[in-house]
Amino acid sequence: MKGKFLLGMFSGVLMSLMLFGLIACGSSDENKLSVREQYGTDAGGEILEDLNERKYTDKIANLLALLDYYYIDELDADAIEEGIYAGLVNSLGDIYTTYYTAEEFVEFNESSTGSYAGLGSTVTQDANGNITFVKPFVNGPAHKAGILPGDILVEIDGESTVDMDLTEAVSKIKGEPGTTVDIKIYRAGESDYLSMTVERAFVEVPTVEYQMLDNKIGYIYVMEFDEVTEQQFIDAVDDLEAQGMQGMIVDLRDNPGGLLSTVCGMLSRIVPKGDMLVYMEDKYGRTEEYKSDSAETVDVPITVLINENSASASEVFAGALQDYGIATLVGTQSFGKGIVQSIVPLQDGSAIKVTVSRYFTPNGVCIHGVGLTPDLEVELDEELKGQLTIPIEDDNQIQAAVEYLLDH
């Protein structure tokens with residue numbers, strides 16, 4: 001299936017109040033054709049025949065008649081139609097498979113560029129559907145409003161987030177700069193929900209930050225894998241090498257994932273040309289491999305920091321380097337999202353995001369539901385959890401990575 005491939009941690013996928021936690025690559029006009037037009041198959045025929053035998057259209061007609069007669073307000077045919085499509089997709093029970101209206105799909109396509117108007121925070125959705133703030137950007141709207149890492153979003157403009165897809169929640173939070181959104185959050189230790197009104201602002205996502213630490217150890221923090229991230233990462237590595245870097249730390253903690261093309265481009269700056277980075281396998285046993293396409297490598301010891309919020313593309317990055325013995329993983333078990341979604345546009349401008357395959361590390365390991373196990377397990381000190389910013393000298397996980405590099 002051609003389309004826009006995604007890996008994310010709804011992940012999480014975490015998102016930056018835009019869509020993250022995905023791995024994506026290209027799309028095609030072929031996707032605007034129906035499945036039968038594109039592939040010349042009778043796909044869907046068997047299930048449609050089964051549903052016809054159950055007379056599902058009769059029941060829909062009866063339900064509409066009942067609603068039209070009893071429901072207190074007028075029915076909206078457009079909303080009902082979109083609801084039918086969304087309900088069909090949601091019936092799979094897969095939180096990663098989603099229907100987008102034409103309007104939502106436009107917002108989705110704007111979400112992976114690295115800039116947007118919203119609250120300025122990464123967020124994630126766990127397996128139970130809880131949407132949680134992970135990292136409010138310093139001096140961004142969420143940070144200024146007092147939102148902290150770990151806060152759970154429970155209501156947006158009076159609407160409950162229960163059963164709300166992460167993408168839908170993000171689309172409701174985003175908006176024109178200067179407008180406001182009313183949110184309600186749950187914070188551990190508080191007896192009541194916290195309500196706040198936050199003013200949206202234009203946010204340029206700081207996806208990569210780096211600096212040279214003592215002993216010529218380069219430190220690179222990667223927040224997510226957006227379109228802008230690959231070049232930011234390569235520039236950081238180039239600069240640190242020019243400064244005489246003797247060891248490198250790549251910090252992927254709380255990184256929900258991102259674009260497949262981005263993570264493969266970043267890995268290509270490290271992994272020898274021709275080596276496989278990741279491969280995917282669909283329901284028919286068909287595989288697709290992605291290999292390093294650059295002759296450049298990094299010839300210093302590397303550690304990669306991961307935690308329970310490192311998902312999807314982060315796990316592709318860390319898993320490849322771990323399999324090849326290029327990097328040592330430090331931290332805690334990663335999230336464990338080893339399935340891939342594809343965005344398929346439809347003829348009317350809408351689209352579906354559907355789980356289409358599993359991905360495997362170069363050694364053939366699928367980490368879905370399991371995650372990556374760090375080579376050096378280090379739990380973040382309890383008193384540091386929930387802090388928005390942690391000085392590097394106080395971050396025990398970073399310091400453990402530094403000590404490892406100094407010893408090797």
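For clarity, every value in this text was computed on a predicted model and none was experimentally measured.

Enquirer: Summarise the pairing of strand E18 (residues 327-331); cite the residues concerned and give the values.
Expert: With five of its five residues buried, E18 lies for the most part within the structure. Because side chains alternate across E18, one face comprises the buried residues Ala-327, Leu-329 and Gly-331, and the other comprises Thr-328 and Val-330, equally buried. Bridge analysis of strand E17 (residues 302-306) against E18 gives five bridges, and the strand direction is parallel. Residue pairing in the sheet places Val-304 in a bridge with Leu-329 of E18. For the handedness criterion, the β-α-β arrangement of E17, helix H10 (residues 313-323) and E18 is classed as right-handed.

Enquirer: Explain the pairing of strand E4 (residues 121-125) to me, and be specific about the residues and the numbers.
Expert: Here E4 lies mainly inside the structure; five of its five residues are buried. The alternating pattern of E4 places Ser-121, Val-123 and Gln-125 on one face and Thr-122 and Thr-124 on the opposite face, and all of these are buried. With five bridges connecting them, E4 and strand E5 (residues 131-136) associate as antiparallel partners. Looking at the pairing, Thr-124 lines up with Thr-132 of E5. Taking the residues that link successive antiparallel strands as the turn, the E4-E5 hairpin has five residues, and the phi of Gly-129 there is positive, at about 90 degrees.

Enquirer: Quick rundown of the pattern of salt bridges? Include the residues and the values.
Expert: In this structure the tally under the stated criterion is 14 salt bridges. For the salt bridge of Lys-172 with Glu-168, the shortest nitrogen-to-oxygen distance reads 3.9 Å. Residue Lys-172 and its partner Glu-168 are located together in helix H7 (residues 166-173), separated by four residues, close to a single helical turn. Among the residues examined, Lys-172 registers a relative accessible area of 28% and is labelled partly exposed. Accessibility expressed as a relative area gives 28% for Glu-168, which makes it partly exposed. Across the salt bridge formed by Asp-251 and Arg-253, the nearest N and O atoms sit 2.8 Å from each other. Residues Asp-251 and Arg-253 agree in their burial class; the two are buried. One continuous salt-bridge network, built from bridges that share partners, spans Asp-238, Glu-241, Arg-269 and Glu-296.

Enquirer: I'd like a rundown of the sheet that holds E18, residues and numbers included.
Expert: Sheet architecture is open: six strands sit in the order E11-E12-E13-E17-E18-E21, paired in mixed fashion. Because the sheet does not close on itself, it has two edges, and the strands there are strand E11 (208-213) and strand E21 (376-377).

Enquirer: Could you give me a rundown of the nonpolar core, with the residues and numbers involved?
Expert: In this structure, Phe-233, Met-248, Val-304 and Phe-317 are the most contacted members of the largest nonpolar core, which totals 40 residues. Every element with two or more residues in this core is listed here: strand E12 (217-222), helix H8 (229-242), strand E13 (247-251), helix H9 (260-268), strand E15 (276-282), E17, H10 and E18. The element that contributes the greatest number of residues to this core is H10, accounting for six residues. Look past the residues within four positions of Met-248 in its chain and what remains in contact with it is Gly-218, Ile-220, Val-237, Ile-270, Val-298, Val-300, Pro-301, Ile-302, Thr-303 and Leu-405.

Enquirer: Pulling in residues and values, what's your account of H8?
Expert: Along its 14 residues, H8 runs 20 Å from first to last C-alpha, staying within 8% of the 20 Å computed at 1.5 Å per residue. Turning to H8, its buried residues number three or more, namely Thr-229, Phe-233, Ile-234, Ala-236, Val-237 and Leu-240. For H8, the angular spread of buried residues about the axis comes to 160 degrees, placing them on one side. Note on H8: the residue one or two positions beyond its end, Gly-244, has a positive phi of about 90 degrees.

Enquirer: I'd love a proper account of the packing of H9 against H10, names of residues and values included.
Expert: Between H9 and H10, whose axes approach to 9 Å, the crossing angle comes to 25 degrees. The angle between H9 and H10 places the two elements in the roughly parallel class. Seen along the crossing, H9 lies across H10 with a hand that is right-handed. Between H9, through Val-263, Met-266 and Leu-267, and H10, the contact on the second element is made entirely by Ala-313, Val-316, Phe-317, Ala-320 and Leu-321.

Enquirer: Summarise the packing of aromatic side chains; cite the residues concerned and give the values.
Expert: Using the criterion set out here, one finds six aromatic pairs in the structure. Ring centres of Phe-225 and Phe-317 lie 6.4 Å apart, and the angle between their planes is 40 degrees; on these two criteria the pair is classed as tilted. Highlighted residues: Phe-225 in the loop between E12 and H8 and Phe-317 in helix H10, separated in sequence by 92 residues. Across the pair, Phe-317 and Phe-225 agree in class, each one buried. Aromatic pair Phe-233 and Phe-317: ring centres 6.0 Å apart, planes at 85 degrees, arrangement edge-to-face. Of this pair, Phe-233 sits in helix H8 while Phe-317 is found in helix H10, placing the two residues 84 residues apart along the sequence.

So, how was this worked out
The written sequence of each chain sets the order in which its residues are numbered from 1. Reporting of local features is limited, given that this is a predicted model, to residues whose pLDDT is at least 70; pairs of side-chain atoms are given and counted only at 80 or more, and all residues count toward the totals for whole chains, interfaces and linings. Note that the side-chain values use all heavy atoms of the structure and ignore hydrogens as well as water. Here's how the labels work: a residue is buried when its accessible area is under 20% of the maximum for its type, exposed when over 50%, partly exposed in between, all with a 1.4 Å probe on protein chains only. Comment: elements are numbered from the N terminus, with helices defined as DSSP H or I runs of at least four residues and strands as E runs of at least two. In this scheme, strands are said to pair when DSSP sees at least two bridges between them. Crossovers are marked right-handed if the path from the first strand over the helix to the second runs clockwise, as seen with the strands pointing away from the viewer. Think of a salt bridge as a Lys or Arg side-chain nitrogen and an Asp or Glu carboxyl oxygen that are within 4 Å of each other. Grouping buried Ala, Val, Leu, Ile, Met, Phe, Trp, Tyr and Cys residues that are joined through side-chain atoms within 4.5 Å yields what is termed a nonpolar core. In this description, contact between two residues means that some pair of their heavy atoms is separated by no more than 4.5 Å. For a helix, the expected span equals 1.5 Å multiplied by the number of residues minus one. Picture the helix axis, draw a direction to every C-beta atom, and the arc is the one those directions span. Here the axes come from fitting lines to C-alpha atoms, over the contacting stretch only for helices, and the angles between their N-to-C directions go from 0 to 180 degrees. For classification, angles of less than 35 degrees are called roughly parallel, those exceeding 145 degrees roughly antiparallel, those between 65 and 115 degrees roughly perpendicular, and all remaining angles oblique. Crossing handedness: left-handed means the near helix sits turned counterclockwise from the far one by under a right angle, and right-handed means the same turn made clockwise. Here a pair means two rings of Phe, Tyr or Trp (six-membered ring of Trp) with centres within 6.5 Å. Their orientation is stacked below 30 degrees between planes, edge-to-face above 60, and tilted elsewhere.

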